Amino acid sequence: MKTLIIETVNSQILGELTTVSRLFSPLCDVIVLGEGELSGTYEKAFRVADTLGTNICIELTDLIKKEGYEVIILSSTAIGSGLAGLLAVGLEAPVLTEVTAISSDLIIEQSIYGSKAVAYYKMDSRPLILTIKRKYFEAAELGGATETVDIPVATQKIILLEEIEEERTGIPLEDADVIVTGGRGVGSKENFSILGELAELLVGAVGASRGAIDEGWMPPNAQIGQTGKTVSPGVYFAVGVSGASQHLAGISNAKCVVAINKDDEANIFKRARFGIISDYKKAVPAIINALREIG
Amino acid sequence: MHIVVLAKVVPDYEIPSSDFKLVENRAHAKYKRMIGLYDENAIEVGVQLKEKYAADLTIVSYGSSGDVQFLRKGVAMGADKIVLIEGTSDDPYTTAVNLQKGIETLGEIDVILAGRQSSDMDRGIVPGLLAGLMKYAFVPQICALENEGGGWKVTQITETGLRLMKVTGRAVFSVTSIPENKPRIPAVRAIFSAKKKPVEKLSEKEEPLTNISEISVSIPLVESVCEFIPTEAIDETARILLSRLKEERYL
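Residues numbered from 1 in each chain as written. Chains lettered and ligands numbered in written order. Predicted model: local features only at pLDDT ≥ 70, side-chain atom pairs only at ≥ 80, totals over all residues. Heavy atoms only, no water.

Asks: Just checking my understanding: could you explain the overall build of chain B for this structure?
Replies: Across its full length, chain B carries 6 helices and 15 strands. Expressed as a percentage of the 251 residues in chain B, the buried residues total 53%. Excluding contacts between residues fewer than 6 apart, the proportion of contacts in chain B whose partners are at least 24 apart in sequence is 70%. When the accessible surface of chain B is summed, it comes to about 11,000 Å², and 52% of that surface belongs to carbon and sulfur atoms. In chain B, the 31 positive side-chain charges and the 35 negative ones have mean positions that sit 5 Å from each other. (Helix = DSSP H or I, 4+ residues; strand = E, 2+ residues; numbered from the N terminus. Buried < 20%, exposed > 50% of the residue type's maximum accessible area, 1.4 Å probe, protein only. Contact = heavy atoms within 4.5 Å. Areas by Shrake-Rupley, 256 points an atom, 1.4 Å probe, with all protein chains shown as cover. Lys, Arg positive; Asp, Glu negative; His and termini not counted. Charge placed at Lys NZ, Arg CZ, Asp CG, Glu CD.)

Asks: Looking at this structure, I do not really get the environment of Ser 125 of chain A. What am I missing?
Replies: Structurally, the position occupied by Ser 125 of chain A is in the loop between β7 (117–123) and β8 (128–132). Expressed as a C-alpha distance, the spacing of Ser 125 of chain A and Pro 94 of chain A, which sit 31 residues apart in the sequence, is 7.9 Å. The contacts of Ser 125 of chain A, once residues within four sequence positions are left out, are Pro 94 of chain A together with Asn 211 of chain B.

Asks: When you look at the interface of chain A and chain B in this model, what are you seeing that I'm missing?
Replies: Taken residue by residue, the interface counts 88 residues in chain A and 83 residues in chain B. Between chain A and chain B lies a buried interface of about 7,300 Å² when both sides are counted; carbon and sulfur atoms form 59% of it. Inspection of the chain A/chain B interface yields 4 salt bridges. Two residues, Lys 182 of chain B and Glu 215 of chain A, come together in a salt bridge whose shortest N-O distance is 3.3 Å. Connecting chain A to chain B are 36 residue pairs in polar contact (both at pLDDT 80 or more). Among the elements that take part in the side of chain A that touches chain B, helix α3 (residues 78–91) of chain A stands out by supplying 9 residues, more than any other. Here the residues of the side of chain A that touches chain B are counted per class, giving 44 nonpolar, 24 polar and 20 charged. The pairing of strand β10 (residues 158–165) of chain A with strand β11 (residues 161–167) of chain B spans 7 bridges and is antiparallel. Bridge pairing links Glu 163 of chain A to Arg 163 of chain B in β11 of chain B. (Buried area = accessible area lost by both parts, 1.4 Å probe. Salt bridge = Lys/Arg side-chain N within 4 Å of Asp/Glu carboxyl O. Polar contact = N/O pair within 3.5 Å; in protein donor to acceptor, adjacent residues only side chain to side chain. Nonpolar A, V, L, I, M, F, W, Y, C, P; charged D, E, K, R; others polar. Pairing = 2+ DSSP bridges.)

Asks: Sorry, what's going on with the pairing of strand β13 (residues 235–239) of chain A here?
Replies: On any regular strand, side chains alternate: one points to one face of the sheet, the next to the other face. Residues and elements named next belong to chain A. Where burial is concerned, most of β13 is hidden: 5 out of the 5 residues are buried. Bridge count for strand β11 (residues 178–182) against β13 is 5 bridges, and the pairing is parallel. Residue pairing for β13: Val 180 is matched across the bridge by Phe 237. Pairing of β13 with strand β14 (residues 256–261) involves 5 bridges; the strand directions are parallel. Each residue of the ladder has a partner; that of Tyr 236, found in β14, is Val 257.

Asks: For this particular structure, what's the right way to read the sheet that holds strand β12 (residues 171–175) of chain B?
Replies: Sheet strands pair via backbone hydrogen bonds, and the direction of the pair is either parallel or antiparallel. Taken in spatial order, the 10 strands of this open sheet run β10(A)-β11(B)-β10(B)-β9(B)-β12(B)-β8(B)-β1(B)-β6(B)-β7(B)-β13(B), and their pairing is mixed. Strands at the two margins of the open sheet, each flanked by one partner only, are β10 of chain A together with β13 (199–203) of chain B. Looking at each pair of strands side by side, their axes are set apart by 30° on average, direction ignored. Here strand β7 (residues 81–86) of chain B pairs with β13 of chain B via 5 bridges, running parallel. Along β13 of chain B, the bridge assignment pairs Leu 84 of chain B with Lys 201 of chain B. Set on the sheet, α3 of chain A makes contact with β9 (137–148), β10 (151–157) and β11 of chain B; between it and β9 of chain B the angle comes to about 100°. In the packing of helix α3 (residues 92–104) of chain B onto the sheet, the strands contacted are β1 (2–6), β6 (56–63), β7, β8 (111–115) and β13 of chain B, and the crossing angle to β6 of chain B comes to about 145°. (Axes fitted to C-alpha atoms, helices over the stretch in contact; angles between N-to-C directions.)

This is the structure in structure tokens:
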């Protein structure tokens, strides 16, 4: 099947989308959005300088029609989500978003009901547009390089004024082998400092549930869960986290979950390997002390 | 200025996984219903814009007749009226086409807000489809917006930070949650007066479904046996935990 990836030069995301594309075709084409050096070997590579779906959808629709792509693969990121619906209308094509798995017989999986259920689909017509959820497919190695052909864009309904990268101190959540996450049960922004202390001792990172983010206790990019980051640490400390299915969706790849919660009926214990039913204000300092004792 | 907020009534999204049941591939009808999680953030943003710009604010929904009682919460929060297009399809195209039908009865619209994704199907695709159908600009995952010189200055939350943009013309924005758009709790008086606000019901426009077959829906099995560590002496609890993590080679 003639397959197209549309993504920025981010090699991690491109790698994940390349893994998906190989289920449909051994070698695909790519439209790279924005600037930067493109890694990987593709049949054809195009480049659009803009990354905003509204500005580029007409040109991309025309190109997809001209080249006759049957499967169009994007990521479930702000960029991919900004483009998928507009392309679907332009191409009169079905679209499946937030795809988490595709079997060898091309049955496509998508989580629904806050990841409490999984729906399975098969494609009945082409072209088909897919947006792929981050971290659910192993990133392919992107060897080689491919020259890109520029695609000019005629209109600019949206002007990008500024792009502000999050301040990163320490290990990024996506790469952390230990994550200490706080939920609403942590109670305040100040109380997150003790979680930071534990994370630092374990050379890990601090995350937050959506509830804690909504309270303003941590920045939005620290959110773990269905609409936040998907993480895959060796150990995941869930502190004062209730364990809503939407949060658990982001930690499905965590090897070991340690739940600390004073509510013995909290749902997080159903996902945990180890549980401590206690006020975290007692348990976390005790773990910190024990770690210091060990040295 | 006329602002539209899209809202969908969904089964209780806080039901724990262990209690969740499916009937004919959809959530059991026994769960209480409510406006979707992010849709409430979008309504809050709409109400803040209404207050700032003295705008009209309409909630447009595609769903069943019984959804009106739940959508009234949005009116109690500050919306002026509800337009409900009656239908039961889960198909995103059908939903978008019918929302467009409802919106087009309202005359000139300046901006359409939606939650970043519904709390049942979790697709986040309907706002983009609607923007495509209406030939509006579209920006997903915004957390702030203000009217500036006839256009919109918006802030989008991305995976790596923020993007500030200027959008000209009419637009659809999907809203993500931040502390500043935490849904307000309506006053009792507002809840009562919401019952008197107008509700316009429209019949569904029948559209061919998206050409994708849903084969099945299942509830994934999560097998995890939690080992509870005794907490009589918390220092000992911590030592046991670390020891167990090391024994099992997690640390």
